[in-house]
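# Structural overview
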Amino acid sequence: MNTVLSIMIFDENRIRASIIEEGLREAGHNKVVVLHEIDGLARQIEVIGPDVIVIDIETPNRDMLEHLFQLTRSVRKPIAMFVDRSDSSSIEAAVDAGVSAYVVDGLKKERVKPILDMAVSRFKAFSRLQQELAEAKGALEERKIIDRAKGVLMKSRSMSENEAYSLLRQTAMNEKRKIADIAQSVVTAAALLGTWEG
């Protein structure tokens, strides 16, 4: 990893926090901030703007986990979480909350860097999947709008499907707009004029 990452560690236990910090510094990470108080953590994350967040909870209780999971849902960053013990519902909740790496009983200095690298990789892969899904949904919506607009033109102007599409494409080129935007205008106009039932 050749980019310099800023890393924020949250750990109420100062000794455990120093193990993580030491592991990160030995791995070449020098931009490390350690926080020990859960109060105001969201605000601190906002101010610090870390690239990666490492959370360590020695003995997690349900309230603290829920609080941290609410936080991790809203923070769009790679998150590695270390806990000493866990149950399947906590693991599931961590995954749902967007925790990239959830490590049970694994806090060893030499394990910190590989786990951090894995959290970053998983986060990037998940973000890519989300983006691809959003693009696919967008393309599908555009396709539906274009098909509706073609239907409007075919009905109102007695055109073939190819002619309707050509008209939409030509208008989009003339106006330097996306064909889906032109199609949306056609569908909206038709709905306002009552010439199309959708």
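In what follows, the structure referred to is the one given above.
Quick summary incoming for the structure in this document. Worth saying up front: this structure is predicted, and the values here are computed from it rather than measured.

## A short note on the sheet that holds strand 4 (residues 79-83)
One open sheet holds the five strands; their spatial order is 2-1-3-4-5, and the pairing between them is parallel. If you trace the sheet from one side to the other, it starts and ends with strand 2 (31-35) and strand 5 (101-104), each paired once. The mean inter-strand angle of the sheet, taken between neighbouring strand axes irrespective of direction, is 15°. Of the pairings in the sheet, the one linking strand 3 (residues 52-57) to strand 4 comprises five bridges and is parallel in character. Residue I53 lies in a different strand from strand 4, and its bridge partner there is I79.

## Examining the pattern of salt bridges
Counted by the stated rule, this structure contains nine salt bridges. Two residues, E142 and K178, come together in a salt bridge whose shortest N-O distance is 2.7 Å. Here E142 is found in helix 5 (residues 109-157), whereas its partner K178 is found in the loop between helix 6 (161-175) and helix 7 (179-193), with 36 residues between them in sequence. Exposure remark for E142: the relative accessible area of 31% places this residue in the partly exposed category. Assessed through its relative accessible area of 47%, K178 is described here as partly exposed. If you follow the salt bridges from partner to partner, you end up with R143, D147, K150 and E161 in one network.

## Focus on the environment of S127
You can see S127 is positioned in helix 5. When the C-alpha positions of S127 and K77 are compared, they lie 9.8 Å apart, and in sequence the two are 50 residues distant.

## What to know about the nonpolar core
One finds L41, I55, I57, L68, F69 and M81 to be the most contacted residues of the largest nonpolar core, which totals 22 residues. It is helix 3 (residues 62-74) that contributes the most residues to this core, five residues altogether. With near-sequence residues (within four places) excluded, F69 lies in contact with M81, S90, A93, A94, A97, V99 and Y102.

## Focus on the packing of helix 6 against helix 7
Angle between the axes and distance between the axes are the two parameters that describe a pair of packed helices. Contact pair helix 6 / helix 7: the axes reach a minimum separation of 8 Å and the direction vectors enclose 115°. When the axis of helix 6 is compared with that of helix 7, the two are roughly perpendicular. Of the two elements, helix 6 crosses helix 7, and the hand of that crossing is right-handed. Contacts between helix 6 and helix 7 involve Y165, L168, R169, T171, A172 and E175 from the former and I179, I182, A183 and V186 from the latter. Its residues placed into classes, the contact of helix 6 with helix 7 shows seven nonpolar, one polar and two charged.

## Re the side chain of H36
Relative to the helices and strands, H36 is located in the loop between strand 2 and helix 2 (41-48). Overall, H36 belongs to the buried group, its relative accessible area being 17%. A polar atom in the side chain of H36 sits 2.7 Å from the backbone oxygen of D11. Of note is the side chain of H36, whose polar atom sits 3.2 Å from the side chain of R14.

## Some thoughts on unusual backbone geometry
Residue S158 is not a glycine yet carries a positive backbone phi of 50°. Along the chain, the position of S158 falls in the loop between helix 5 and helix 6. Positive phi, close to 50°, is recorded for K176, a residue that is not glycine. Mapped onto the secondary structure, K176 falls in the loop between helix 6 and helix 7. A relative accessible area of 77% means that K176 is categorised as exposed.

What counts as what
Residues numbered from 1 in each chain as written. Predicted model: local features only at pLDDT ≥ 70, side-chain atom pairs only at ≥ 80, totals over all residues. Heavy atoms only, no water. Pairing = 2+ DSSP bridges. Helix = DSSP H or I, 4+ residues; strand = E, 2+ residues; numbered from the N terminus. Axes fitted to C-alpha atoms, helices over the stretch in contact; angles between N-to-C directions. Salt bridge = Lys/Arg side-chain N within 4 Å of Asp/Glu carboxyl O. Buried < 20%, exposed > 50% of the residue type's maximum accessible area, 1.4 Å probe, protein only. Core = buried A, V, L, I, M, F, W, Y, C linked by side-chain atoms within 4.5 Å. Contact = heavy atoms within 4.5 Å. Parallel < 35°, antiparallel > 145°, perpendicular 65-115°, else oblique. Left-handed = near helix turned anticlockwise from the far one by under 90°. Nonpolar A, V, L, I, M, F, W, Y, C, P; charged D, E, K, R; others polar. Polar contact = N/O pair within 3.5 Å; in protein donor to acceptor, adjacent residues only side chain to side chain.

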